[in-house]
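# Secondary and tertiary structure notes
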Amino acid sequence: MQQPLPGASNALTFGILSIVLTLLCCGPFGAIFSFIGLSHAKAAQRTFDQSNGEYTGIENVKTGKTLSYVGMALAAVYLLISIIYFGAIAAILISAASGGDF
């Protein structure tokens, strides 16, 4: 009798949370949950590889890993946009403070 793979649902849940939190809240939380999801996926994959077909649910691990990578990429894009945005604001403020023209 096959059992559910331990950690597979955690990897999927953290992968989903990484995308949702990046899009709705802020990037750092998404990146944190991406790393947690990837670590759970790695542990579950290792457990599945060491078993002799005892577990089911490897699909959840693969999906969770993919979602975690997508969440991490979105968090990186969010970080890049934030750096550009705040860099532009800082450049405008410095230019205005020094009396320079735009």
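The coordinates are above.
Quick summary incoming for the structure in this document. Note that the structure is a prediction, hence the values are computed from the model and not measured. (Residues numbered from 1 in each chain as written. Predicted model: local features only at pLDDT ≥ 70, side-chain atom pairs only at ≥ 80, totals over all residues. Heavy atoms only, no water.)

## A closer look at the nonpolar core
Ranked by size, the top nonpolar core spans eight residues in total: L5, A8, A11, A41, A44, Y55, I58 and V61. Only α1 (8-24), α2 (27-50) and α3 (58-97) provide two or more residues apiece to this core. If near-sequence neighbours (up to four positions away) are discounted, A8 is found in contact with A44, G57, N60 and V61. (Core = buried A, V, L, I, M, F, W, Y, C linked by side-chain atoms within 4.5 Å. Buried < 20%, exposed > 50% of the residue type's maximum accessible area, 1.4 Å probe, protein only. Helix = DSSP H or I, 4+ residues; strand = E, 2+ residues; numbered from the N terminus. Contact = heavy atoms within 4.5 Å.)

## A few points about the packing of α2 against α3
Each pair of packed helices gets described by two things: the angle between the helix axes and the distance between those axes. Axis separation between α2 and α3 bottoms out at 8 Å; the angle between their running directions is 155 degrees. Classed by the angle they form, the pair α2 and α3 counts as roughly antiparallel. α3 is crossed by α2, and the crossing has left-handed handedness. Contacts between α2 and α3 involve G27, A31, S34, F35, G37, L38, A41, A44, Q45 and F48 from the first element and I58, V61, K65, S68, Y69, G71, M72, A75 and Y78 from the second. Its residues assigned to classes, the contact of α2 with α3 comprises twelve nonpolar, six polar and one charged. (Axes fitted to C-alpha atoms, helices over the stretch in contact; angles between N-to-C directions. Parallel < 35°, antiparallel > 145°, perpendicular 65-115°, else oblique. Left-handed = near helix turned anticlockwise from the far one by under 90°. Nonpolar A, V, L, I, M, F, W, Y, C, P; charged D, E, K, R; others polar.)

## Describing the packing of α1 against α3
One way to put it is that α1 packs onto α3 with a least axis distance of 7 Å and a crossing angle of 20 degrees. It follows from the interaxial angle that α1 and α3 lie roughly parallel. Two packed elements cross with a definite hand, and for α1 against α3 that hand is left-handed. Side by side, α1 and α3 meet where A8, A11, L12, G15, I16, S18, I19, T22 and L23 of the first sit next to N60, V61, T63, G64, L67, S68, V70, G71, L74 and A75 of the second. Along the lines of polarity and charge, the residues of the contact of α1 with α3 split into eleven nonpolar, eight polar and no charged.

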